[in-house]
Amino acid sequence: MSDALLRLDHVTRRFGGLVAVNDVSFSVDEGEIVGLIGPNGAGKTTVVDLVTGVQRPQGGEIFLDGGRVTALPAHRRSRMGMARTFQVVRPFAHLPVRDNVVVGALYGHGRAPMREARRLADEVLEMVGLAHRAASPAITLTVADRKRLELARALATRPRLLLLDEAMAGLNATEVDEAMEVIRRVHASGVTLVVIEHVMRAIMGLCRRVLVLEAGRLIADGGPETVARDPEVIRAYLGQRWAERQEAGRD
Amino acid sequence: MTALAVPAAVRRLVMPAWYGALVLACVYLALIPTIGTGYWVRTLTFIFMFAVLAAGWNLIGGFAGYAAFGQVGWFGMGAYSVAVAMSKWHWPFYPALALGTALPAAAALAVGLPVLRLRGHYFAIATLGIAITLRELVNNFDLTGAGSGLSTPLGPSFSYYYYLMFGAMLLAVAVTWMLRRSRLGYALLAIRENESAAATLGVNTTLAKAAAFAISAALAGLVGAIYAYWTAFIDPSTVFDLTFNVRMIVMVILGGTGTILGPVIGAFLLEGISQTLWSSFPAEHLIFFGIAVVLIVLFVPAGLSGLLLELRTLSPRLFVRNLLRYRV
Amino acid sequence: MTTVQQIINALLLGGLLALVALGFSLVWGIMNVINLAHGTFIMLGAYTAYWMFSLWGVDPFLSIPVAMLLLFVLGAILQVSVINFIVRAPVLATLLVTFGLEILITNIALKLWTADVRSVQTHYAGRGIALGSLSIPYNKLGALVLALIITALLWLFLERTKLGRAIRATAYDQVGARAVGINIGRMYALTFGIGAALAGAAGALISTTSAITPMMGSSYTIRAFAICVLGGLGSVTGALVGGLLFGFIEVFGVVWIGPGYSDAIVFLVLVLVLIMRPQGILGRAFSAGVQEAGGA
Ligand SMILES: Nc1ncnc2c1ncn2[C@@H]1O[C@H](COP(=O)(O)OP(=O)(O)OP(=O)(O)O)[C@@H](O)[C@H]1O
Ligand SMILES: [Mg+2]
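Residues numbered from 1 in each chain as written. Chains lettered and ligands numbered in written order. Predicted model: local features only at pLDDT ≥ 70, side-chain atom pairs only at ≥ 80, totals over all residues. Heavy atoms only, no water.

(A) Structural detail: the site of ligand 1. Residue and element names in this part refer to chain A. Around ligand 1 there are 13 residues in total, and Gly41, Lys44, Thr45, Thr46 and Gln87 lie nearest to it. Take Asn40: an N or O atom from its side chain is 3.0 Å from an oxygen atom of ligand 1. Note that an oxygen atom of ligand 1 is positioned 2.9 Å from one of the backbone N or O atoms of Gly43. When isolated, ligand 1 has an accessible area of 640 Å², and the protein chains bury 62% of it. Elements supplying a minimum of two residues to the shell around ligand 1: strand S2 (18-28) and helix H1 (44-52). It is H1 that provides the largest number of residues to the shell around ligand 1, a total of three residues. When grouped by side-chain class, the residues that make up the shell around ligand 1 number four nonpolar, seven polar and two charged. (Near = heavy atom within 4 Å. Polar contact = N/O pair within 3.5 Å; in protein donor to acceptor, adjacent residues only side chain to side chain. Areas by Shrake-Rupley, 256 points an atom, 1.4 Å probe, with all protein chains shown as cover. Helix = DSSP H or I, 4+ residues; strand = E, 2+ residues; numbered from the N terminus. Nonpolar A, V, L, I, M, F, W, Y, C, P; charged D, E, K, R; others polar.)

Encoded structure:
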């Protein structure tokens, strides 16, 4: 078969009785930007964890470039070209911002030598707009800057496949525009992207294809317009919104 | 606190003076055996030894953030390697020294792979267990003289050991300095700060931790090996002295965790005080030492490098703030 | 020696080891403090019994309340003056401070009482119940029974009294406990005091069966840790089960591997258990159940 860059084959992950990811299969071709959306708790982060090796599935298989990576440790997958950002950021808090990024450049897919890694780190920091904070310890960054640092670190690994887990949450409208511009440039440089976002404008603006998760199941896979008209997707989202409205009405 | 955010201008001004002072200090120390008394030669040899132990702990505890609590096990292993090789197998000293360095490193690599999967208290106590287990093994084997100890052949002069330990200390500092700038150094700091993030960036965390553990064991084994030849007699209770574990850690804390010279500075301070106390209160010095450990952790938890960073605001209030930081 | 005799020995030792670990487990479970000075409290309890016996002829079993009271006071003072300042500090700080205390206390004891090995020679020492070829020494049997009684009393205290619940609540939820008016610092002082008192009781019991020296403590600290890991951290049943398991491991370890390796055996088991089952074999944390109790 023609190999997709990433393929999930009936992947399942449970936490006790809860099935966070339920028999999910999809594939992502080289060069795509795929959106992954779904209500809170749908299992999006868990999918990213399973793909990047932070967690292991209880069932199913994951393939990168046709090779099975289901049981490989996270660092091996990174070396094969996967990178991600964490929704709940995990900076190296007491290291300078630049050193945070140098770690990604030294290891990851690129494994640059030291001098090259420093240069790459500066380049990436420039690109995400963090160059002016390069010498500050990461712990001193604002929430928005920490999101940028997540992205910078992931980019410094020179990934082939980059999974962004709500990298724009907490950014204002202008910052979202800037971030979208950065993501477009990353894509143009040949990186395949999976973008998780609650900001619909970003998904609609970036992705030709959108996957929808609800309660661990993949309920839709298609172009943004088709997906937006899908009755099941509407129910998943409206159901949530209605519930929210009812919560709000009670207060 | 931990990050050294010293302004570049200050650095440019202070650094040449600082390096000059270091070179002078080294020259002075190198002259001690010709100009100093036997007391100072002995005291400084001890200080160098602890500086190496502290620098070794700093690699695993300060860089990688794994609170190893049994480094004295590697020290004892190095000491016994030399004693056995020289007295039972009649090896010359240098091959024995190489054995005393390599064996602990290999052992640390082997036990490190499983034990470094543990964290926090569990890792600390498991490493303490390694030291206690090694002591007990030595206590039970005829090869190691069981509980009654082993003698090593009488060696050259005391200044010979002085220079050996001095060289070991310079080596430990050089290793730390190179590591800090190396690929592995970055990996260790990343592991200390957030291990899972390090792994997703491609760091083989298991391997990096085991490497740091092995290097720290090699340093401890190295000075253990020199110590065995120096004192000419070792037994399990002196070379597996569990208070050594605490000593080296407190030195690192005192000098500055995760820094390059911190462990050495801490060793000079603490062991200097300790040796002075020992010579004037041989029976009570450990009582003072216990008190010192408690006070240092309570009042200067970030060590001297922490104090330097807050130099501008340095006042008695800083110590009170340190004390109250974690109070319930 | 027959296997039945060894099983009896293991049970006798295991009950006592459960008490050795109990206070350590309480302190760890409630405050997340590994108290490396725990063994010195055992040592002080043993010396209390020794001096009461040799100065005034008081039977060691009758010294238990005195040892407990003295160590409760010492523990509470240490908590208020030292440990309360580092309870929430990183792991290393608590390890270093408690080890500093262990060095301090051990060396004060050495200064006061020298390194001489001492023992309590009661008139019933060496005598016991004989059942055919089997024998159960009186002192070991008494130690076992008292260890079990004290363990049961602690369990009742923690489960059935308001104060016990308040202590458990501080482990479960500090903020919540403070919100309902519990003084955390005082609760910790109480907890550490009780932990020390339990160690004191264990020490007094140990004085009837083993040699007493200022350095006797550290190997008990290590055992307490291993027992907690084996039985599951921070529960009375965990300490009990861990202690009994440990009794068997030590007795049969010596039979199969040889004497002189007991600490090595302790650690081998400890590391294996840690790596395979980090949560221990069983046991409910001291803090568990408070939530339901509080919510009801
Ligand atoms: N470690 C865990 N233990 C138990 N349950 C978990 C764990 N991680 C996630 N879950 C549960 O699995 C489900 C999916 O979580 P996940 O974080 O993947 O959702 P998500 O789609 O990323 O949500 P969000 O939009 O809020 O980020 C949720 O119900 C969550 O509570
Ligand atoms: Mg999520």
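(B) Region of the structure containing the interface of chain B and chain A. Contact residues are listed per partner, giving 23 residues for chain B and 29 residues for chain A. Interface of chain B and chain A: buried area, both sides summed, is about 2,200 Å²; carbon and sulfur atoms make up 63% of it. When residues of chain B are sorted by the area they lose upon contact with chain A, Arg183(B), Tyr186(B) and Leu201(B) head the list and together hold 36% of the total. Where chain B touches chain A, the interface holds one salt bridge. Taking the shortest distance from any N to any O, the salt bridge between Arg180(B) and Asp99(A) comes out at 3.8 Å. (Contact = heavy atoms within 4.5 Å. Buried area = accessible area lost by both parts, 1.4 Å probe. Salt bridge = Lys/Arg side-chain N within 4 Å of Asp/Glu carboxyl O.)

(C) Region of the structure containing the environment of Val191(A). All names here are of chain A. Tracing the backbone through its elements, the reader meets Val191 in the loop between helix H6 (173-188) and strand S8 (192-196). Residue classification places Val191 among the buried residues on the basis of a relative accessible area of 7%. Each C-alpha atom of the pair Val191 and Arg68 lies 20 Å from the other, and the pair is 123 residues apart in sequence. With residues near it in sequence (within four places) discarded, Val191 still touches Glu32, Pro159, Arg160, Leu161, Leu162 and Val186. (Buried < 20%, exposed > 50% of the residue type's maximum accessible area, 1.4 Å probe, protein only.)

(D) A look at the interface of chain B and chain C. In this complex, chain B contributes 43 residues to the contact, which on the side of chain C involves 47 residues. A combined buried area of about 3,900 Å² lies between chain B and chain C, and 78% of that area is made up of carbon and sulfur atoms. In this assembly, chain B and chain C are joined by one salt bridge. In this structure, Glu284(B) engages Lys111(C) in a salt bridge whose closest nitrogen and oxygen atoms are separated by 2.7 Å. Residues that form the side of chain B that touches chain C fall into these classes: 31 nonpolar, seven polar and five charged.

(E) Examining a nonpolar patch on the surface more closely. All names here are of chain B. A surface patch of nonpolar side chains, amounting to about 590 Å² of accessible area, comprises Leu13, Val14, Trp18, Tyr19, Ile265 and Leu269. Contributing elements (two or more residues each) for the nonpolar patch: helix H1 (8-35) and helix H12 (262-280). Broken down by element, the residue count for the nonpolar patch peaks at four residues, all from H1. Structurally, the position occupied by Leu13 is in helix H1. (Patch = residues over 30% accessible without salt bridge, like charges linked within 9 Å, V, L, I, M, F, W, Y side chains within 5 Å.)

(F) Fine view of helix H3 (residues 60-81) of chain C. Residues and elements named next belong to chain C. Under the 1.5 Å per step criterion, the end-to-end length of H3 is 30 Å for 22 residues, consistent within 8% with the ideal 32 Å. At Val66, H3 is bent by approximately 30 degrees, the largest bend along its length. All of the buried residues in H3 are Pro60, Phe61, Ser63, Ile64, Ala67, Leu71, Gly75, Ala76, Leu78 and Gln79. Where the residues of H3 are buried, they touch helix H1 (3-31), helix H2 (38-56), helix H4 (91-113), helix H5 (138-160) and helix H8 (184-207). Capping the start of H3, Asp59 holds a side-chain oxygen 2.8 Å from the backbone nitrogen of Phe61, two or three residues further along. (Expected span 1.5 Å × (residues − 1). Bend = angle between axes of the 7 residues up to and from the residue.)

(G) Fine view of the coordination of the magnesium ion (ligand 2). Residues and elements named next belong to chain A. Binding of the magnesium ion (ligand 2) to the protein goes through Thr45 (OG1) and Gln87 (OE1), at separations of 1.9 to 2.0 Å. Linking Thr45 in helix H1 with Gln87 in the loop between strand S6 (82-84) and helix H3 (97-106), this pair joins segments that are 42 residues apart in sequence. Owing to a relative accessible area of 27%, Thr45 belongs among the partly exposed residues under this scheme. For Gln87, a relative accessible area of 31% corresponds to the partly exposed category. (Donors = N, O, S within 2.8 Å, 3.2 Å for Na, K, Ca; no water.)

(H) The pattern of salt bridges, seen in detail. Taken as a whole and assessed by the stated rule, the structure comprises 22 salt bridges over all chains. The shortest N-O distance in the salt bridge between Arg184(A) and Glu181(A) comes to 3.6 Å. With Arg184(A) and Glu181(A) both in helix H6, this residue pair falls three residues apart, about one helical turn. What makes Arg184(A) partly exposed here is its relative accessible area of 37%. One salt bridge connects Lys209(B) with Glu195(B), and the closest N-O pair in it is separated by 2.7 Å. Residue Lys209(B) is found in helix H9 (residues 205-231), and its partner Glu195(B) is found in helix H8 (residues 195-200); the two are separated by 14 residues along the sequence. Taken individually, Lys209(B) and Glu195(B) each receive the classification buried, so the pair is uniform in this respect.

Treat this as a map of the structure, not an account of what it does.
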